[in-house]
Amino acid sequence: MKKFYYLISGGLLLLILALVIVSPVVTTEAAVKKAPPKPTLSQIIAEVSKTFFKNSEMKKEPSKYGGSIPYSHLEESPYLKTLWEGYPFSKDYNEDRGHYYTLEDVKSTKRLSPATPMTCMTCKSSDVPAAMKKYGDAYYTLPMLVYQDEFKHSIGCSDCHDLKTFKLVVTRPAFIEAMKRRGIDVTKASQSQMRTYVCGQCHVEYFFDPQNGKKLTFPWDKGFDPENIYQYYEERAFSDWTNPSTFVKELKAQHPEFEMFQGSTHQQAGATCADCHMPKKTVKSGNLTFTIASHQWTSPLKDMSACKKCHTKDAKYLMERVFYIQDRVKAAIDRAGEANAETLKVIKSVAAGTYDPAILAEAQKLQRESQWYWDYVAAENSTGFHNPAKAFATLNKSIELAYQARLKALEAKK
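Residues numbered from 1 in each chain as written. Predicted model: local features only at pLDDT ≥ 70, side-chain atom pairs only at ≥ 80, totals over all residues. Heavy atoms only, no water.

- Looking up the protein in an unreviewed UniProt entry gives the name nitrite reductase (cytochrome; ammonia-forming), with the organism given as Carboxydothermus hydrogenoformans.
- Under the heading Catalytic activity (unreviewed entry), UniProt records this for the protein: "6 Fe(III)-[cytochrome c] + NH4(+) + 2 H2O = 6 Fe(II)-[cytochrome c] + nitrite + 8 H(+)".
- Heading Sequence similarities (unreviewed entry) of the UniProt record for the protein holds this comment: "Belongs to the cytochrome c-552 family." (UniProt positions renumbered as here; feature names shortened; annotations may be inferred.)

The following block contains the structure:
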């Protein structure tokens, strides 16, 4: 009952009313002339709750590289602790459990500390816009551990919908500001564009701008590709932390789904995030037939109805193709990650002895860039499927730079 209360109180009910399309089951000629019967609130709530609550039933399969079981990535890939030495992710990094659990998971993560700013809460609760209005820009600098109890609801309707008009709307300022810097007015976006934009306000790479009160900022001024973002960070001399053993000023990628999707086959074909992740579900309740946009927000592989809208091959073939891509991307992610881990060990060994500081600095810079490219793909939640070409090219660059950094570090050794 508690989960059900939060689900409805988070605004889901209004979203349901906006998204449900009702069509009567016609059985007689007289029925054609009558106005379609309207669903009751209990019918709507019951049907959409079935879809939404499936989040808690998700398994690691069939999506294979995702799901809602919070298994530890640190245990699955031990090299991560080496890459993130000195950073909170080396303490705790579990598989996310989806929108319904965002607030619960962010409050319980071991990565939080007294220094963690409220910026971390920005995409975890539908209470955030009200908090931003209440505190202004000071919101971003509030200590999260002190203020987190003010946030009661996870992701809800109001995060993506205007509750007066039910139209899609971007509610997080960082997306609007980043697009404006690129010359795009989000308020003039088409309905189709908004079906990606509302997802892009959170499923992105971001950083807490130290030059602007830790304000949430999307680094898109130069473009969406990993090279563009890396150059942006380079010009700002930005780093997330300094590795205590190698003294490399590292970058931590977040979850650049929106960026990875840019220029992909599906994006070029006109597909949106919602087309694939929110397929319509048709259910019957009494004498009514409901067509409801799914709000499970999970892998299309769960039922593949979204894929079948465009692809004529059978489900087995399509799933095999997805896994063909993801298996190879995951292998490349591990190769790049392990290559960086080995390079860091070499740099650490050299830094502990006598070395040429100028040459070692070159090695450190190469490793920083290499790790960024690895993390850009590793942190993105599709295991490369959103844009396989970009994923493979980025990982190949990471591996090459990791070996260059290793050779350069050995050159610096005296």
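Right, picking up where we left off after that structure.
**A short note on the environment of Lys280**
Stage number 1. Relative to the helices and strands, Lys280 is located in strand E6 (residues 280-285).
Stage number 2. Judged by its relative accessible area of 52%, Lys280 falls in the exposed class.
Stage number 3. Between the C-alpha atom of Lys280 and that of Ala306, which follows or precedes it by 26 residues, the distance is 8.1 Å. (Helix = DSSP H or I, 4+ residues; strand = E, 2+ residues; numbered from the N terminus. Buried < 20%, exposed > 50% of the residue type's maximum accessible area, 1.4 Å probe, protein only.)

**Digging into the environment of Ala274**
Stage number 1. Tracing the sequence through the fold places Ala274 in helix H14 (residues 273-277).
Stage number 2. C-alpha of Ala274 to C-alpha of His295: the two residues are 21 residues apart in sequence and 9.5 Å apart in space.
Stage number 3. Once you skip the residues sitting within four places of it in the chain, Ala274 turns out to touch Arg195 and Pro279. (Contact = heavy atoms within 4.5 Å.)

**Overview of helix H17 (residues 357-378)**
Since the α-helix packs 3.6 residues into each turn, any two residues three or four apart lie on the same face.
Stage number 1. Between its first and last C-alpha, H17 extends 31 Å over 22 residues, near the 32 Å set by a 1.5 Å rise per residue.
Stage number 2. In terms of burial, H17 is largely enclosed, as 16 of its 22 residues are buried.
Stage number 3. Where H17 begins, one side-chain oxygen reaches toward the backbone nitrogen of Ala358, 3.0 Å away; that side chain belongs to Asp356. (Expected span 1.5 Å × (residues − 1). Polar contact = N/O pair within 3.5 Å; in protein donor to acceptor, adjacent residues only side chain to side chain.)

**Observations regarding the state of the cysteines**
Stage number 1. Evaluation of the coordinates by the stated rule reveals 1 disulfide.
Stage number 2. Shown here is the disulfide that connects Cys123 with Cys202, its sulfur atoms set 2.1 Å apart. An S-S torsion of about -90° defines the bridge between Cys123 and Cys202 as left-handed. Here the residue Cys123 occupies a position in the loop between helix H6 (102-108) and helix H7 (128-135), and Cys202 occupies one in the loop between helix H10 (191-200) and strand E2 (207-209), the gap between them amounting to 79 residues.
Stage number 3. Since its relative accessible area comes to 19%, Cys123 is described here as buried.
Stage number 4. Cys202 gets classed as buried once you look at its relative accessible area, which sits at 18%.
Stage number 5. With no disulfide partner, Cys157 has as its closest neighbouring cysteine sulfur the one in Cys160, 8.9 Å distant.
Stage number 6. For Cys157, a relative accessible area of 1% gives the class buried. (Disulfide = S-S within 2.5 Å.)

**Notes on helix H11 (residues 226-235)**
Stage number 1. Looking at H11, one finds that the buried residues are Pro226, Ile229, Tyr230, Tyr232 and Tyr233. Around the axis of H11, the buried residues are gathered within 155° of arc, so they sit on the same side.
Stage number 2. Looking one or two residues beyond H11, the residue adopting positive phi is Ala237, at roughly 50°. (Arc of directions from axis to C-beta.)

**With respect to the packing of helix H16 (residues 315-351) against helix H18 (residues 388-412)**
Stage number 1. Between H16 and H18, whose axes approach to 9 Å, the crossing angle comes to 15°. As far as their axial angle goes, H18 and H16 are roughly parallel. The element H16 and its partner H18 pack so that their crossing is left-handed.
Stage number 2. In terms of residue class, the contact of H16 with H18 is made up of 19 nonpolar, 3 polar and 4 charged. (Axes fitted to C-alpha atoms, helices over the stretch in contact; angles between N-to-C directions. Parallel < 35°, antiparallel > 145°, perpendicular 65-115°, else oblique. Left-handed = near helix turned anticlockwise from the far one by under 90°. Nonpolar A, V, L, I, M, F, W, Y, C, P; charged D, E, K, R; others polar.)

**Observations concerning the packing of aromatic side chains**
Stage number 1. Taken as a whole and assessed by the stated rule, the structure comprises 26 aromatic pairs.
Stage number 2. Where Trp84 meets Trp374, the ring centres are 5.9 Å apart and the plane angle is 50°; that geometry is what we call tilted. Here Trp84, found in the loop between helix H5 (79-83) and H6, pairs with Trp374, found in helix H17; they are 290 residues apart in sequence, far enough to count as distant.
Stage number 3. When its relative accessible area of 1% is taken as the criterion, Trp84 is described as buried.
Stage number 4. Above the ring of Phe89, the side-chain terminus of Arg111 is found at 3.9 Å from the ring centroid. (Phe/Tyr/Trp six-rings, centres within 6.5 Å; stacked < 30°, edge-to-face > 60°. Lys NZ or Arg CZ within 6 Å of the ring centre and 35° of its normal.)

**Describing the confidence of the model for the protein**
Stage number 1. Summarising the model, the protein shows a mean pLDDT of 86, and 84% of its residues fall at 70 or more.
Stage number 2. Scored below 50 in pLDDT, residues 1-33 makes 66 contacts in the model with residues more than four places away or belonging to other chains.
Stage number 3. Within the model, pLDDT remains below 50 along residues 56-60, and this stretch shows 16 contacts once partners closer than five positions in the same chain are excluded. (pLDDT = per-residue confidence, 0-100.)

**Some remarks on unusual backbone geometry**
Stage number 1. Of note, Phe247 is a non-glycine position whose phi angle comes to about 65°, a positive value.
Stage number 2. Following the sequence through the fold, Phe247 ends up in the loop between strand E4 (241-242) and strand E5 (249-250).
Stage number 3. The exposure class assigned to Phe247 is partly exposed, which follows from its relative accessible area of 47%.
Stage number 4. The backbone of Met304 sits at a positive phi, close to 65°, despite the residue not being glycine.
Stage number 5. Within the secondary structure, Met304 sits in the loop between strand E7 (288-293) and helix H15 (305-308).
Stage number 6. The exposure class of Met304 is buried, given its relative accessible area of 3%.

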